[in-house]
Amino acid sequence: MSCKHIMTYEGAINIIIKGEVDGTVDVWKCKSCGDTSADLRRVGEPKMPESVGMGELVKINRWGVIVCNDRGETEWHLTRSASTMPHNCSVFEQCELTVDEAGNASCSNNHDHRFYFISNYINSSMVIR
């Protein structure tokens, strides 16, 4: 049976880097099945994504933020655990990134990436060091 999703706003997570808000993750939850969607907004982006609240739906405990940090450069991306994806950031060169169900990140080029579950930060701030 397919769910006729009734999406409600669950909350937000402020992403703070070097003492400044760099962006926000908005979390939406279906009142019927409990699956969630997450959207990111970066400071300075002129408009919201067109699919706000209606992106890919997965369990809340799969959504997270992957952090790339090296030599004073920091970048973050919204992604899901239990997945493998091509990853490209300005901190490291392109690689294949795998995040297991426990949130352990591994990169095909052995770069240091960290994964944080957003469920631990809803309606608060995630300070990235």
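Owing to the predicted nature of the structure, the values given are computational and were not obtained by experimental measurement. (Residues numbered from 1 in each chain as written. Predicted model: local features only at pLDDT ≥ 70, side-chain atom pairs only at ≥ 80, totals over all residues. Heavy atoms only, no water.)

**Student:** I'd like to hear about the pattern of salt bridges, residue by residue, with values.
**Tutor:** Across all of its chains, the model carries four salt bridges by this definition. Across the pair Asp-22 and Arg-42 runs a salt bridge, and its minimum N-O distance is 3.9 Å. Of the two residues, Asp-22 is situated in strand S2 (residues 20-30) and Arg-42 in strand S3 (residues 36-42); the sequence distance between them amounts to 20 residues. With a relative accessible area of 23%, Arg-42 lands in the partly exposed category. One salt bridge connects Asp-35 with Lys-59, and the closest N-O pair in it is separated by 2.8 Å. On the criterion of sequence distance, the pair formed by Asp-35 in the loop between S2 and S3 and Lys-59 in the loop between S3 and strand S4 (63-70) is long-range, its members being 24 residues apart. (Salt bridge = Lys/Arg side-chain N within 4 Å of Asp/Glu carboxyl O. Helix = DSSP H or I, 4+ residues; strand = E, 2+ residues; numbered from the N terminus. Buried < 20%, exposed > 50% of the residue type's maximum accessible area, 1.4 Å probe, protein only.)

**Student:** I'd like to hear about the environment of Trp-28, residue by residue, with values.
**Tutor:** Structurally, Trp-28 is set in strand S2. Along the backbone, Trp-28 and Asn-69 are 41 residues apart, and their C-alpha atoms lie at a distance of 28 Å. At 3.1 Å, the side chain of Trp-28 and the side chain of Asp-39 are in polar contact. (Polar contact = N/O pair within 3.5 Å; in protein donor to acceptor, adjacent residues only side chain to side chain.)

**Student:** Tell me about unusual backbone geometry, and name the residues and values.
**Tutor:** Positive phi is not limited to glycine here, since Arg-71 has a value of about 50 degrees. Here Arg-71 shows up in the loop between S4 and strand S5 (73-80). In the Ramachandran plot, Ala-82 falls in the positive-phi region, its phi being about 55 degrees despite a non-glycine side chain. When you line up the elements, Ala-82 lands in the loop between S5 and strand S6 (83-87). Its relative accessible area of 38% is what places Ala-82 among the partly exposed residues.

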